[in-house]
Amino acid sequence: MSLPHALLTSIAEKPCSGYDLARRFDKSIGYFWHATHQQIYRELGRMESQGWVISTEVEGGRAGKKLIDILPAGRDELRRWASETSAPMRLRDDMMVKLRADAAIGPLGLAEEFERRLQMHEQELQTYREIEQRDFSTAKLSHEQQLRYLILKAGITFEESRVQWTKEALQVLSKKSATD
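A few points on the structure. Predicted model, so just to flag it, every value in this text is computed and none were measured.

## Points about a nonpolar patch on the surface
Phase 1: Nonpolar side chains collect at one region of the surface, where Tyr31, Phe32 and Ile151 lie side by side and expose about 290 Å² of accessible area between them.
Phase 2: Mapped onto the secondary structure, Phe32 falls in the loop between α2 (18-27) and α3 (37-49).

Written out as structure tokens, the structure reads:
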């Protein structure tokens, strides 16, 4: 995935200022695609020069505030990109290499880092569950809401599996420490 397509998606959902886009991005797409506000603003400039988005001054708003909207060429680009095949992402986590190193050269004291990561995954899972309760607790969801919920469920499933796996890794690491 590329940042321009993530931004085009967000703008297609709701035209807004660059500042509001960066804030919304952090609270939605940002859960699975990270970008700094600086990267977002830089990319918006490129997208405007490509004719994918347009920014217009907001009347009555603060000086320099611009509303960003998607243009037909931006929608076409988003459709083109979405129709491309893509390979699923493979697991790429330095902790896997660190575990291999632990297996190869002996105890490396990884338990503390695994404890830290466990807390991170549990916190992220809690955040996702709160979003689920807040945004998807109604019985009847529109098609758009069902798709967004499906994305959230992927995040929930991912974090649940990471919590479970990290706990298992901690058990294995503690067994090795106990036998030394």
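## Comments concerning helix α6 (residues 111-135)
Every α-helical turn comprises 3.6 residues, leaving residues that sit three or four positions apart pointing alike.
Phase 1: With 25 residues, α6 extends 36 Å from end C-alpha to end C-alpha; this agrees with the ideal 36 Å at 1.5 Å per step.
Phase 2: Every buried residue belonging to α6 is among Phe114, Arg117, Leu118, His121, Leu125, Thr127, Tyr128, Ile131 and Glu132, and all of these are buried.

## A word on the packing of helix α1 (residues 3-13) against helix α4 (residues 72-83)
Phase 1: One can describe the packing of α1 onto α4 by two numbers: an axis separation of 10 Å at closest approach and a directional angle of 125°. With respect to each other, α1 and α4 are oriented oblique. Where α1 crosses over α4, the handedness of that crossing is left-handed. Residues His5, Leu8, Thr9 and Ala12 of α1 pack against Gly74, Arg75, Glu77, Leu78, Arg80 and Trp81 of α4.

Here is what the cut-offs are and how they apply
- Residues numbered from 1 in each chain as written.
- Predicted model: local features only at pLDDT ≥ 70, side-chain atom pairs only at ≥ 80, totals over all residues.
- Heavy atoms only, no water.
- Patch = residues over 30% accessible without salt bridge, like charges linked within 9 Å, V, L, I, M, F, W, Y side chains within 5 Å.
- Areas by Shrake-Rupley, 256 points an atom, 1.4 Å probe, with all protein chains shown as cover.
- Salt bridge = Lys/Arg side-chain N within 4 Å of Asp/Glu carboxyl O.
- Helix = DSSP H or I, 4+ residues; strand = E, 2+ residues; numbered from the N terminus.
- Expected span 1.5 Å × (residues − 1).
- Buried < 20%, exposed > 50% of the residue type's maximum accessible area, 1.4 Å probe, protein only.
- Axes fitted to C-alpha atoms, helices over the stretch in contact; angles between N-to-C directions.
- Parallel < 35°, antiparallel > 145°, perpendicular 65-115°, else oblique.
- Left-handed = near helix turned anticlockwise from the far one by under 90°.
- Contact = heavy atoms within 4.5 Å.

This is a description of form; function is not addressed.
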